[in-house]
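Residue strings, one per chain:
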Amino acid sequence: MAFILLPLATVLLPYSSGNALIRTVARRAWLLEGRSVQALQAATPYVDIAEGEAWKYRWRLAELSDARDMWYCLLGRSGALSAHLQCSGLPAPETGLVLVGAHWGTGLRALVAFRQARLQPRFVYRKVERAILRAAPFQYLYLKGLVVCIDRLSAGRAIEVPGARRAFQAALTEPGSPVILLDAPALNPGVSLCASVLDRQAEFNRNGAAVLAEGGARCVFYSSGVSASGEAELECTTAASCNNAERLMQDYGAFLTRLLHRDSAQWRLWHAAPQFFRDPA
């Protein structure tokens, strides 16, 4: 219902009607209530949450909106997504420009905007593990469809990791703008970088930051979120040189902290928070 049937129903409706349906389902907790409770419980040790029900609503809204966006792209309605997106700070195309985001909000819509701005996005995505098929088969189908959309919006030049270091390095000198999310928790503490997030030490994968620093990339931090009324917003920072991996991750930690203060409910990785934050316990 959450990842296939409800999104498909919104594709058949005018955008405003489909968006109203998404908000109604999210507000009344008809879908994903259990998972929103788990996300709230995972977030509580790290952020102050004044209104739990409102927080869970925004969490469900981000999840359902992202699923809707995938089907819109897959079925040829991506134009409607860009028409209902407020953009600020979109950069001009240039060689070596890298767009750096987070697992926050509704990321697919940002790719639509980047493509329309002639930035030629090349999304760096993690391979969909087959283990998800056994645990959550419909989410697995959704994620596989998401990969199809990512590759389509990347003009067939998306970069799959792990095992794509050379392709990522080459992308820094080729036409187009790599798009990478740096907030995945480190899988191997021996090759991680630490930065302060929410006044705690967080561990990030080193590889992405190292490639950006070695390649002398110019980085733009971007966020693509959804307001409580369902309106989509894309914000980009000014491009800056990224020639030091440790400094890059310190800046990124401050950027992620701002996003979590802005709306922690839209972070999609609360289930992995114990891996992400280096807690003394």
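It should be noted that the structure appears before, not after, this text.
Residues numbered from 1 in each chain as written. Predicted model: local features only at pLDDT ≥ 70, side-chain atom pairs only at ≥ 80, totals over all residues. Heavy atoms only, no water.

## Some words on a positive patch on the surface
In step 1: A cluster of basic residues, Lys 127, Arg 130, Arg 134 and Lys 144, forms a positive patch at the surface.
In step 2: Structurally, Lys 127 is set in the loop between β3 (121–126) and α7 (131–135).
In step 3: Residue classification places Lys 127 among the partly exposed residues on the basis of a relative accessible area of 48%. (Patch = residues over 30% accessible without salt bridge, like charges linked within 9 Å, V, L, I, M, F, W, Y side chains within 5 Å. Areas by Shrake-Rupley, 256 points an atom, 1.4 Å probe, with all protein chains shown as cover. Salt bridge = Lys/Arg side-chain N within 4 Å of Asp/Glu carboxyl O. Lys, Arg positive; Asp, Glu negative; His and termini not counted. Charge placed at Lys NZ, Arg CZ, Asp CG, Glu CD. Helix = DSSP H or I, 4+ residues; strand = E, 2+ residues; numbered from the N terminus. Buried < 20%, exposed > 50% of the residue type's maximum accessible area, 1.4 Å probe, protein only.)

## Concerning the environment of Gln 250
In step 1: Turning to its location among the elements, Gln 250 is positioned in helix α11 (residues 245–263).
In step 2: Counting along the chain gives 145 residues from Gln 250 to Gly 105, while the straight-line C-alpha distance between them is 21 Å.
In step 3: When residues no more than four places from it in sequence are discounted, the contact partners of Gln 250 are Cys 194, Ala 195 and Ser 196. (Contact = heavy atoms within 4.5 Å.)

## Observations regarding the state of the cysteines
When the sulfur atoms of two cysteines share a covalent bond, that bond is a disulfide.
In step 1: Scanning the model with the defined rule gives one disulfide in all.
In step 2: Here Cys 219 is linked by a disulfide to Cys 242, with a sulfur-sulfur distance of 2.4 Å. Here Cys 242 lies in strand β10 (residues 240–242) and Cys 219 lies in strand β8 (residues 217–226), a separation of 23 residues in the sequence. A single burial state applies to Cys 219 and to Cys 242, both of which are buried.
In step 3: The thiol of Cys 194 is not disulfide-bonded; the next cysteine sulfur, from Cys 242, is found 19 Å away. (Disulfide = S-S within 2.5 Å.)

## Quick look at the packing of aromatic side chains
In step 1: Applying the stated rule across the entire model yields 13 aromatic pairs.
In step 2: Centre to centre, the rings of Tyr 15 and Tyr 72 are 6.0 Å apart; their planes meet at 85°, and the pair counts as edge-to-face. Taken together, the residues span a long stretch of sequence, with Tyr 15 in helix α2 (residues 15–27) and Tyr 72 in helix α4 (residues 52–74) at a distance of 57 residues. When sorted by exposure, Tyr 15 lands in the same class as Tyr 72, which is buried.
In step 3: Plain terms: the ring middles of Tyr 46 and Phe 277 are 4.6 Å apart, the flat faces sit at 20° to each other, and that makes the pair stacked. Residue Tyr 46 is found in the loop between α3 (33–43) and α4, and its partner Phe 277 is found in the segment after α12 (273–276); the two are separated by 231 residues along the sequence. No difference in accessibility class separates Tyr 46 from Phe 277, as the two residues are buried.
In step 4: Clustering of aromatic rings is evident, with ring pairs tying together Tyr 46, Phe 204, Phe 221, Tyr 252, Phe 255, Trp 267, Trp 270, Phe 276 and Phe 277. (Phe/Tyr/Trp six-rings, centres within 6.5 Å; stacked < 30°, edge-to-face > 60°.)

## Here's the deal with the nonpolar core
In a soluble, globular protein the nonpolar side chains are often hidden away together inside.
In step 1: In terms of nonpolar packing, the biggest core is built from 99 residues, with Phe 114, Tyr 222 and Trp 270 touching the most fellow members.
In step 2: It is α4 that provides the largest number of residues to this core, a total of 11 residues.
In step 3: Once you skip the residues sitting within four places of it in the chain, Phe 114 turns out to touch Leu 90, Leu 99, Leu 119, Gln 120, Pro 121, Val 179, Tyr 222, Leu 234 and Cys 236. (Core = buried A, V, L, I, M, F, W, Y, C linked by side-chain atoms within 4.5 Å.)

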